[in-house]
Amino acid sequence: MGEQAPANPAIPATPVNPDIELVARTQAGDARAFDELVVKYTPRLYGLVYNMTSNHEDANDLLQDVFAKAFRSITGFRGKSSFYTWIHSIAVNMTINFLKKRGRRFQMSLDDVDLNIQNDKEFIELTASSSPVREADLGELQQKLNEAMQKLSPEHRAVVTMFDIQGMPHAEISKILGVSEGTVRSRLFYAHRQLQAHLDEFREFRKK
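Residues numbered from 1 in each chain as written. Predicted model: local features only at pLDDT ≥ 70, side-chain atom pairs only at ≥ 80, totals over all residues. Heavy atoms only, no water.

### Quick look at the overall build of the protein
Within the protein, the secondary structure is distributed over nine helices and zero strands. In sequence order, the protein lays out its α and β elements as α-α-α-α-α-α-α-α-α. The buried share of the protein, reckoned over its 208 residues, is 40%. Within the protein, contacts between residues separated by at least 24 positions form 69% of all contacts whose residues are at least 6 apart in sequence. For the protein, the accessible area works out to roughly 12500 Å², and carbon and sulfur atoms hold 53% of it. (Helix = DSSP H or I, 4+ residues; strand = E, 2+ residues; numbered from the N terminus. Buried < 20%, exposed > 50% of the residue type's maximum accessible area, 1.4 Å probe, protein only. Contact = heavy atoms within 4.5 Å. Areas by Shrake-Rupley, 256 points an atom, 1.4 Å probe, with all protein chains shown as cover.)

Here it is in structure tokens:
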């Protein structure tokens, strides 16, 4: 008998993205698989929607609508983008549309001061410096930043939320919004300039 050829070393299997498996199971009719996606993405998507709306009730209602739309549309998901990008795109677009419809009817709730905005660069600089802003005034500063965010257009608010608060790279934001990275950068530049202007007004007011 001739010698047998040595067995090829095992080729490590490419790890399967768990989202792909869960999506496939959902498309096959397994609702429990979609529940797992809901559990996985609820915290991050809630943070995204809340930081855009600054209202807990609106964020909860919108998130339910986002997952409902995703579930209805998931049979058409073909994996051209990641599920992460796809579900974030649904959430951002639905929130932008909601904000445009809400328009001037929105009145900020004092109970909904956006604490997450403290990750904003200008907020960090103001509170980390040796400025005379007292701890008792931090709530007022946070509210000022929140008000500044609400004065941005929904599209500019979206890029600030995704980049400054959620830490997404420009490339991922461009995929979610369906725009170029250059557009993302220009929107961020404009939004940061607007936020800076509002913060400068606040600092001048505090000096008086």
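That shown, we press on.
### Some points on the confidence of the model for the protein
Mean pLDDT for the protein: 79, with 71% of residues reaching 70 or above. Residue range residues 104–124 is modelled with pLDDT below 50. Its contacts to residues more than four positions away, or to other chains, number 42 contacts. (pLDDT = per-residue confidence, 0-100.)

### Some words on the pattern of salt bridges
Summed over the entire model, instances satisfying the criterion amount to seven salt bridges. Residue D58 is joined to R102 by a salt bridge in which the shortest nitrogen-to-oxygen separation is 3.0 Å. One end of the pair, D58, is in helix α3 (residues 56–73); the other, R102, is in helix α4 (residues 83–102), with 44 residues separating them in the sequence. For the pair D58 and R102, a shared accessibility class is recorded, and that class is buried. A cluster of three or more residues bridged by salt bridges with shared partners is formed by R25, D30, R32 and E36. (Salt bridge = Lys/Arg side-chain N within 4 Å of Asp/Glu carboxyl O.)

### Notes on the packing of helix α2 (residues 31–53) against α3
Running from N to C, α2 and α3 cross one another at 140°; their axes reach a closest spacing of 9 Å. Judged by the inter-axis angle, α2 sits oblique to α3. As for how α2 packs across α3, the hand of that crossing is right-handed. Contacts between α2 and α3 pair F34, V38, Y41, T42, L45, Y46, V49, Y50 and T53 from the former with H56, D58, A59, N60, L62, L63, F67, A70 and F71 from the latter. (Axes fitted to C-alpha atoms, helices over the stretch in contact; angles between N-to-C directions. Parallel < 35°, antiparallel > 145°, perpendicular 65-115°, else oblique. Left-handed = near helix turned anticlockwise from the far one by under 90°.)

### A closer look at the packing of helix α7 (residues 154–165) against helix α8 (residues 170–177)
Contact pair α7 / α8: the axes reach a minimum separation of 10 Å and the direction vectors enclose 145°. Both α7 and α8 take part in a crossing whose hand is right-handed. Only H170, I173, I176 and L177 of α8 make contact with α7, whose side of the interface consists of V159, M162 and F163. Looking at side-chain class alone, the contact of α7 with α8 contains six nonpolar, one polar and no charged residues. (Nonpolar A, V, L, I, M, F, W, Y, C, P; charged D, E, K, R; others polar.)

### Some words on the nonpolar core
Membership of the largest hydrophobic core comes to 43 residues, with the highest contact counts inside it found for L45, F83, I87, V92 and M162. Contributions of two or more residues to this core are made by α1 (18–27), α2, α3, α4, α6 (138–151), α7, α8 and α9 (181–207). Once residues lying within four places of it in the same chain are set aside, the contact partners of M162 are L48, V92, G167, M168, I173, I176 and L177. (Core = buried A, V, L, I, M, F, W, Y, C linked by side-chain atoms within 4.5 Å.)

### Thoughts on the side chain of D58
Accessibility expressed as a relative area gives 17% for D58, which makes it buried. Apart from residues no more than four positions distant in its own chain, D58 is found in contact with T53, F98 and R102.

### Here we look at the packing of aromatic side chains
In the structure shown here, the tally under the stated rule is eight aromatic pairs. Between F83 and W86, the aromatic rings sit 5.6 Å apart at their centres with planes inclined by 45°, giving tilted as the arrangement. Of this pair, F83 and W86 both sit in helix α4, three residues apart, which is roughly one turn of the helix. The two residues F83 and W86 agree in class, both being buried. Each member of the aromatic cluster is reached from another via a ring pair, and the members are Y41, F77, F83, Y84 and W86. (Phe/Tyr/Trp six-rings, centres within 6.5 Å; stacked < 30°, edge-to-face > 60°.)

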